[in-house]
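One letter stands for each residue in the lines below.
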Amino acid sequence: MRAVLIHAVRGMPTVTDVAEPAAPEGGVVVDVRATGLCRSDWHAWAGHDEIAFPHVPGHELAGVVSEVGSGVACFRVGDRVTVPFVCGCGVCEWCRAGDAQVCPDQQQPGFTHWGSFAERVALHAADTNLVALPDAVSFEAAAALGCRFATAFRALTARARVAPGEWVTVVGAGGVGLSIVMIAVALGARVIAIDTNPRALAVASRLGAAHVVVGGADAPPVPDVVRELTGGGSHVSVDAVGSAQTAADAVLSLRRRGRHVQIGLLPTDDGRSPVAMARAIAWELDILGSHGMAAADYPGMMELVAAGRLRPQDLIERVIGLDEASALLPRFDTAAPAGMTMIDPHLVLP
């Protein structure tokens, strides 16, 4: 099958023929119909995750089951499915409690094993991790859920517990940030979107953001702008980028007793990330992490998508093939998309 292959940290990805995957015990092989290109894929390429080379990236996916391993009870060949980017083991105490997103023995396609920038991908513990797709949900919409949208949904509903009328500030209007905007608006919140990319902010406005703010070195400090717009600061802030500056801007934009959710990765050499803890202590802020969403929590979100109340497909800016994806991956951290980039592994351009 064709796949995007990386041979070393920051090595140039190539599209090549590789061996077909085999269904593991308790797992399946999925024929990939759509897979997202995400900043997390760039982090893996850049060496911020421990991966074995050669490697096939890709962790947001949807497709059709093409092979079923022994011990799988709930899925069969031909089923339309998607999967969270964190696949739990299915047997530990966290998985049994429905919290597979923090499973200590988790598998992640595109990180712990070959991923979905390929025509087919192997997935583990299918009965725990696969999510059946309603006919009303397209493969592209489902793939958009897998990392960014599902993470945003759980960040707002289960972690920050956003209430109608609250102010939500999101720093970064990429795939995660725009998902935050769409979901927060659907929850009845008032949203402020911060980004350096005017095109992304235009999308945020179309999605219902109450205010959009152009950030950057030459712009006024983000916390000052947010305090002015909200009369004292946001109830909830989200860093959807993952840098010392964006995390600080988000935390310092909160009002007293506000809640901050960190979604953007904060890679550092020593594994420790700076956070404005003095403010968190003095103002009794809640600092929350959010790491995806378990398959057990998908039904509520999927019902909203199938009913059209949430439309992740509207966040997709473009659909590309594997060849274009391999060229884009090394520069995706500076690509400044105005929405999500989706890959069709079977798309071959003339």
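Scroll up a little and you will see the structure.
Residues numbered from 1 in each chain as written. Predicted model: local features only at pLDDT ≥ 70, side-chain atom pairs only at ≥ 80, totals over all residues. Heavy atoms only, no water.

### Considerations on helix α7 (residues 222-230)
As a reminder of what qualifies: Exposure is judged per residue with a 1.4 Å probe applied to protein chains only, and the accessible area is read against the type maximum: over 50% gives exposed, under 20% gives buried, and values in between give partly exposed. Helical segments are the DSSP runs of H or I of at least four residues, strand segments are the runs of E of at least two, and each set is numbered from the N terminus. The directions considered for the arc are those from the helix axis to the C-beta atoms. In what follows, a contact means two residues having at least one pair of non-hydrogen atoms within 4.5 Å.
Looking only at α7, the buried set comprises Val-222, Pro-223, Val-226 and Thr-230. Down the axis of α7, the sector holding all buried residues measures 95°, keeping them to one side. As for α7, its buried residues are in contact with β8 (167-171), β9 (190-195), β11 (234-239), α8 (244-252) and β12 (254-262). At the exit of α7 stands Gly-231, carrying a positive phi of roughly 70°.

### Thoughts on the packing of aromatic side chains
Where we set the bar: The aromatic pairing rule takes the rings of Phe, Tyr and Trp, using the six-membered ring of Trp, and pairs them if the centres are within 6.5 Å, calling planes under 30 degrees apart stacked, those over 60 edge-to-face and the rest tilted. Whether a charge sits over a ring comes down to the Lys NZ or Arg CZ being within 6 Å of the ring centre and within 35 degrees of the ring normal.
By the definition in use, this model includes one aromatic pair. On the numbers, 6.5 Å between centres and 40° between planes, the contact of Trp-42 with Trp-45 is tilted. Of this pair, Trp-42 and Trp-45 both sit in helix α1 (residues 39-45), separated by three residues, roughly a single helical turn. Here Trp-42 matches Trp-45 in class, with each residue buried. Above the ring of Phe-139, the side-chain terminus of Arg-80 is found at 4.5 Å from the ring centroid. If you follow Arg-279 out to its NZ or CZ, it ends over the ring of Trp-283, 4.1 Å from the centre.

### Overview of a nonpolar patch on the surface
Defined as follows: A patch consists of residues whose relative accessible area exceeds 30% and which take part in no salt bridge; residues with like charges are grouped when within 9 Å of each other, and nonpolar side chains (Val, Leu, Ile, Met, Phe, Trp, Tyr) when within 5 Å. With residues, only the protein chains shown are counted as cover, and all accessible areas are computed by Shrake-Rupley using a 1.4 Å probe. Throughout this description, the term salt bridge denotes a Lys or Arg side-chain nitrogen within 4 Å of a carboxyl oxygen of Asp or Glu.
A grouping of Val-275, Met-277, Ile-281 and Ile-287 is seen on the molecular surface, where their side chains present a nonpolar patch of about 350 Å² in accessible area. Mapped onto the elements of the fold, Met-277 is located in helix α9 (residues 277-282). Take Met-277: its relative accessible area is 43%, and that puts it in the partly exposed class.

These figures come from the coordinates and say nothing about function on their own.
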